[in-house]
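# Residue-level structure breakdown
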Amino acid sequence: MERILLGHGAGGKLMHNLIKEMFVKAFGNPALNRLDDGAVIRMSSGERIACSTDSYVVDPVFFRGGDIGRLSVCGTVNDLSMCGARPLFITLALIIEEGFPVSDLERISLSAAKTAAEAGVKVVTGDLKVVPKGKVDKIFTNTSGIGTVKKGVDVSGSNAGPGDSVILSGFMGDHEIAVLSGRAGFDLSVKIKSDCQPLNKIVQKILCLPEAVRCLRDPTRGGLATTLNEICVSSNAGMEIDEALVPVRSAVRSACGMLGFDPFYLANEGKFAAIVKEKYAGRILRIIRAEKEGRDAAVIGRVVNTHRGEVILRTRSGGRRILGMLAGEQLPRIC
Amino acid sequence: MKYISEFYDKRIAAGLSGAIKKIAPARELNFMDVCGTHTMSIAREGIKDLLPANINLISGPGCPVCVTPDEDIDRVIGISGQKNTTIVTFGDMLKVPGTRSSLEKERGKGADVRIVISPLDALEICAKNSNRKIVFFAVGFETTSPGIAAAVAEAARRKIKNLFVYSSCKLIPPAMEALLKNRKVKIDGFICPGHVSTIIGSSAYEFIPREFGIPCVIAGFEPLDILQSVYMLLKQIREKRKKVEIQYKRCVAEEGNPVARKILSKVFRPSDAVWRGLGKIPRSGLVLRKEYKKFDAGSRAFPPRSISGRDLALPLRRVGRLVAKGAPNNEAKASNPKCRCGDVLCGIITPDKCGMFGGKCTPESPVGPCMVSSEGTCAAAFKYRHTSNVIRRTF
Amino acid sequence: MCLGIPVRIKKIMGEKALAESDGIQKEINLVFVPEAREGDYVLLHAGFAIQVINEEEAMKTLKILREIAEAEK
């Protein structure tokens, strides 16, 4: 492979392979090698801190239900939450294209500030670069964050064990459809809003039962299917998922039908999957459903010790087949 | 979703599964689909789980992307390298490998390649880029080609000067005939393509039961449609009837869609075409009629440039001779001699029997189009494969 | 081939129409279905309606399917 393809950034197998073969190879260390959404590091004091980073290149910059500012804060707040950490401090770096409207920049900045306040985190430092027209597409951002992990909390992609329940916090695909419908060439008029929201508060609630929660992941790029596969590979376990139990709005299904997309591979920015010990599943589900971010949560399957590393789906019509990871980028198709 | 959700009811599926098991004979039967969307539906829904072990659902050359020969992809890649030229195509075509490269890779190197969902979108791109040649790489069967014809007719009406069409459009019934004549695989029934049939109707398949004694059922795409179609084929076999039946009656009329066919034949005419895996099939492709020749990107106006020093600019005369000789599988050999896409496309082998399946050839690093196409037989098998120790049968 | 989804015609504007499915709206081309009316369901493929969906046949098919399934109980 000579050149980077768009598929390398899509969150699926191409990206995973690149990360393993280039970056893990170059930088490998125990914290990085776990390839969780963030790194949890034990300090010499004994306290554990988590840190995470993410970059945002969403197009369009403003979409139904959010914008790049809100997304930038939520992304890192959520990555830290998925490590079991309480997010405290965020950095915000911006790379802006020459000619970008100042009023848009202000709108983005205010949105980021509002989201940070909503999440209870502080933006403590940042960076600003401006590049000539055409060198970036309007505005790209990066946020990094630091949080602390409470004693007793042990949340990682490699913790899933046979018998555990798989809980999903709500509807799949809203964010990606909301973003796509704003792009030229898709021409879909939809009332779907991005689900972009901070998840730290709802996660803190379920971590009040730290012994129950084995793994937390938010299905962003690559979608739910990719996320569940990552967990299976990291944990060396299998999963059985019931398609009929996975919440997808009918409007999202229709949009997928029109574009030739599959809801299992759509990005979400305000949902998470929780792998919990079976005996706590009912309680955890009730806690999640009591919060506005988790009203539509459901148990969608379980972890098993057969077909390790793979997710098997019970389909809507009662058949069974493998639910694989996203390969490259998901392209609209007519066939 | 109306007209969709009713057709994947689990309980009805279980009932159909039981009914199928009751009327299935003991011997092995091969039912072939010739539509990539059927291949995908069958795989995605795990339909084979609901059928008895002796009923094999095999895939034929139903993926228009997979049957596009290397030479077409190479020529379009060549065109992409010309000045002020934009290639416009369906997302399905982006990753398909030609001899050396793909449109996706060329885009990575700076070629202007854009995806559209409808051929009409190409007209908008023409209007917004009047200084560029917009070349639409047209791939599809009879479901899609009327839309391409309508777009060309509209371009003519609007006097658009910068639209060009490279047609790799093909017709399904001639391919079915070629498959039956080459007799390399035993076919006991056809699951006929539902959406192609909304256009061509049922009479297009009449030659199959009449000349070859094989039953046909025109099927929809939801799980219950496919299960009912299998049931209908088994009923025909049991009752020793051989005819063309329509399962997908809510969308397919016997006469098809005459309006669509009229527009199609106004702009295109059938011509011989090379299919990967099947070689040259007479009157199985579509070329622009001479009234629309000015839109034709397959003509001398677009000589391909050379790629990596090797001159791919086959003079059109030589291409013509290759086609006339019926270069069967030449294109497969030109790429990778171990690639067995040609045999997979004819249903001669299942994907797992190709030595490269899952090893050298995977969706992330595909060797042949059956793996790279979103609805290729190998892609479906890989993406939706059963692990043999969980479910009783592999693909 | 090929992806086609049923959509309902909300409003006809000459050869084009605004179609919707579960709240998603899209402009589509009706050149192949001149007989289509507002309120009809059509099969959408690559931006074109390629057939009007026959509601009566849909009901008949469902009835047959249910009968086959009932017979298995």
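Quick note: structure is the one above.
So, here's what we can say about the structure.

Cut-off values and rules
- Residues numbered from 1 in each chain as written.
- Chains lettered and ligands numbered in written order.
- Predicted model: local features only at pLDDT ≥ 70, side-chain atom pairs only at ≥ 80, totals over all residues.
- Heavy atoms only, no water.
- Helix = DSSP H or I, 4+ residues; strand = E, 2+ residues; numbered from the N terminus.
- Rg over C-alpha atoms; globule rule 2.2 N^0.38 Å.
- Buried < 20%, exposed > 50% of the residue type's maximum accessible area, 1.4 Å probe, protein only.
- Areas by Shrake-Rupley, 256 points an atom, 1.4 Å probe, with all protein chains shown as cover.
- Lys, Arg positive; Asp, Glu negative; His and termini not counted.
- Charge placed at Lys NZ, Arg CZ, Asp CG, Glu CD.
- Contact = heavy atoms within 4.5 Å.
- Buried area = accessible area lost by both parts, 1.4 Å probe.
- Salt bridge = Lys/Arg side-chain N within 4 Å of Asp/Glu carboxyl O.
- Nonpolar A, V, L, I, M, F, W, Y, C, P; charged D, E, K, R; others polar.
- Pairing = 2+ DSSP bridges.
- Axes fitted to C-alpha atoms, helices over the stretch in contact; angles between N-to-C directions.
- Arc of directions from axis to C-beta.
- Core = buried A, V, L, I, M, F, W, Y, C linked by side-chain atoms within 4.5 Å.
- Domains from an automatic or database assignment.

### Overview of the overall build of chain C
Counting secondary structure elements, chain C contains 1 helix and 5 strands. Along chain C, helices and strands appear, N-terminal first, in the series β-β-β-β-β-α. Relative to its length of 73 residues, chain C is extended, with a C-alpha radius of gyration of 15 Å against a globular reference of 11 Å. Dimensions of chain C, computed from C-alpha atoms along their principal axes, come out at roughly 50 × 25 × 25 Å. Residues counted as buried form 58% of the 73 residues belonging to chain C. Counting every atom, chain C has about 3,300 Å² of accessible surface; 49% of that belongs to carbon and sulfur. Each charge class in chain C can be summarised by its mean position, and for the 10 positive and 13 negative side chains these summaries are 4 Å apart.

### Describing the interface of chain B and chain C
How big an interface is tends to be stated in terms of accessible area lost as the parts join. Opposite the 47 residues of chain B that make contact, chain C presents 35 residues. Roughly 3,400 Å² is buried in total at the junction of chain B and chain C, and carbon and sulfur atoms are behind 69% of that figure. Considering only the surface of chain B that becomes buried against chain C, Tyr3, Ile12 and Arg250 of chain B emerge as the three largest contributors, covering 17% of it. Applying the counting rule to chain B against chain C returns 2 salt bridges. With a shortest N-O distance of 3.6 Å, Lys2 of chain B and Glu55 of chain C are connected by a salt bridge. For the side of chain B that touches chain C, the secondary structure elements donating two or more residues are helix H1 (10-23), helix H2 (36-45), helix H5 (119-128), helix H6 (145-157), helix H8 (194-200), helix H10 (223-238) and helix H11 (258-267) of chain B. When residues of the side of chain B that touches chain C are assigned to their parent elements, the largest contribution, 7 residues, is made by H1 of chain B. Each residue belonging to the side of chain B that touches chain C can be placed in one class, and the counts come to 24 nonpolar, 16 polar and 7 charged.

### Let's talk about the sheet that holds strand S7 (residues 139-149) of chain A
Neighbouring strands of a sheet are bound in pairs by backbone hydrogen bonds; such pairs are parallel or else antiparallel. Residue and element names in this part refer to chain A. What the 5 strands build is an open sheet, ordered S1-S2-S7-S5-S6; its pairing is mixed. Strand pairing shows two members of the sheet lacking a second neighbour, strand S1 (39-42) and strand S6 (122-131), which therefore form its edges. For this sheet the average axis-to-axis angle between neighbouring strands, irrespective of direction, equals 15 degrees. Sheet topology places strand S5 (residues 85-97) next to S6; 9 bridges connect them, and they run parallel. Residue pairing across strands places Ala93 opposite Asp127, the latter belonging to S6. Relative to the sheet, helix H3 (residues 68-82) contacts strand S2 (48-56), S5 and S7, its axis offset from that of S2 by approximately 150 degrees.

### Here we look at helix H9 (residues 281-289) of chain A
Residue and element names in this part refer to chain A. By the burial criterion, the buried members of H9 are Ala281, Ile284, Leu285 and Ile288. Buried residues in H9, looked at end-on, bunch into an arc of 100 degrees, giving them a common side. Buried-residue contacts for H9 involve strand S8 (165-168), helix H6 (200-206), strand S10 (213-217), strand S12 (273-276) and strand S13 (298-304).

### Observations concerning the nonpolar core
Counting 107 residues, the largest nonpolar core has Phe136, Phe137, Phe190, Tyr205 and Ile208 of chain B as its most contacted members. Of the domains in this structure, domain 1 (5-63 + 181-246) and domain 2 (66-171 + 257-322) of chain B are the two that each give at least three residues to this core. In this structure, Phe136 of chain B is in contact with Val88, Thr89, Phe90, Val116, Pro119, Ala122, Ile148, Phe164, Val165 and Tyr166 of chain B, ignoring residues within four places of it in sequence. By size, the runner-up hydrophobic cluster in this structure holds 57 residues, among which are Leu224, Ala251 and Cys256 of chain A together with Ala17 of chain C.

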